[in-house]
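Results of the structural survey
If you want the building blocks of each chain, they are given just below.
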Amino acid sequence: MNSSKLALRYVEWDEEAQLERGELSNWSVSRDYLFICKLADATVLRNRLWEHTSHETDQYGQAIIYVRAYKGQLAPDVANAVKHTIFHTKCDVADPFEMVWYVYDRVQNTFQHAGTERPSEPLQAALVMLDHYMYWQNMEVESLMTVLDADRNKLLLFVERLN
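We now turn to the structure provided with this report.

Rules behind the numbers
For every chain, the first residue of the written sequence is number 1, and numbering continues from 1 along that sequence. With pLDDT at 70 or above as the cut-off, local features in this predicted model cover only qualifying residues; side-chain atom pairs require 80 or more to be listed or tallied, and sums for whole chains, interfaces and linings still use all residues. By convention in this description, side-chain values take in all heavy atoms of the structure and omit both hydrogens and water. The classification of residues rests on relative accessible area computed with a 1.4 Å probe and restricted to protein chains. Under 20% of the type maximum is buried, over 50% is exposed, and intermediate values are partly exposed. By definition, any uninterrupted DSSP run of H or I lasting at least four residues is a helix, any uninterrupted run of E lasting at least two residues is a strand, and each is numbered from the N terminus. When DSSP locates at least two bridges between a pair of strands, those strands are taken to pair. Polar contacts here mean pairs of N or O atoms no more than 3.5 Å apart (in protein, one a potential hydrogen donor and the other a potential acceptor; neighbouring residues in sequence count only if both atoms are side-chain atoms). Contact criterion: two residues are considered in contact whenever any of their non-hydrogen atoms come within 4.5 Å of each other. Basic side-chain nitrogens of Lys or Arg form a salt bridge, by our definition, when they fall within 4 Å of a carboxyl oxygen of Asp or Glu.

Once that is clear, we can look at the pairing of strand β10 (residues 154-161). The side chains of a regular strand alternate, residue by residue, between the two faces of the sheet. Extensive coverage of β10 is indicated by the burial of seven of its eight residues. Two elements, strand β6 (residues 98-105) and β10, share six bridges in a ladder whose sense is parallel. The residue bridging Trp101 from the neighbouring strand is Leu157, located in β10. Pairing of strand β9 (residues 139-149) with β10, which is carried by eight bridges, proceeds in the antiparallel orientation. If you follow Val147 over to β10, its bridge partner there is Leu156. In this antiparallel pair of consecutive strands, β9 and β10, the connection spans four residues, and Asn153 shows a positive phi of 60 degrees.

Moving on to the pairing of strand β5 (residues 63-69). Judged by how many residues are buried, β5 sits mostly within the fold: five of seven residues are covered. Two elements, strand β4 (residues 48-57) and β5, share seven bridges in a ladder whose sense is antiparallel. Across the sheet, His52 pairs through a bridge with Val67, a residue of β5. Counting the residues that bridge the hairpin from β4 to β5 gives five residues, and of these Gly61 lies at a positive phi of roughly 85 degrees.

Further remarks concern the side chain of Arg9. By the element assignment, Arg9 lies in strand β1 (residues 5-14). On the basis of relative accessibility, which here comes to 16%, the residue Arg9 falls in the buried class. Within the structure, the side chain of Arg9 is placed 2.6 Å from the side chain of Glu23, a separation counted as a polar contact. With sequence-adjacent residues up to four places away left out, Arg9 is seen in contact with Glu20, Glu23, Ser25, Asn26, Gln62, Ala63, Ile64 and Ile65.

Let us now look at the pattern of salt bridges. Should their charged atoms come close, side chains of opposite charge can pair. Under the definition given, this model contains 10 salt bridges. A salt bridge links Arg9 to Glu20, with the nearest nitrogen and oxygen atoms 3.8 Å apart. Taken together, the residues Arg9 in strand β1 and Glu20 in strand β2 (residues 19-30) connect sequence positions 11 residues apart. For Glu23, the salt bridge identified is with Arg9, shortest N-O distance 2.6 Å. Taken as a pair, Glu23 in strand β2 and Arg9 in strand β1 lie far apart in primary sequence, 14 residues in all. Given the relative accessible area of 39%, Glu23 is considered partly exposed. Each of Asp92, Glu98, Arg118 and Lys154 takes part in salt bridges that share partners, so that together they form one network.

And the structure:
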């Protein structure tokens, strides 16, 4: 694992005006952890859910992730279940970094906690994020959304069972 640190900024982007609204966060992250940051669909910063609109590395080598307040591309009932799970369930800070799995229950329109993993390195989490369909705990699942909860040091994986 490369231990050199890179600058990472989260910047709010205004789609209508096509301009930056302001910096939300400025971190120093490992190159491997940057993969998780850029692959996530959304990020929780300052107790708000932000969806990623784009990302880049500027001419100075600084990574930037552009975000906007979460609108979501999921069906409204699923998006509401995601937000409820993030903001109205157990809140604890992980040390070290954790991946938390939630499986969608279509009947109850909720996400059920299905397990927690502590990857030995960030790239293990990034590899999971690369697939839309996967097998996890003997279930075939579809990834609905991945959220990096920067406030709690967790990657939240929202999936739906296929079989």
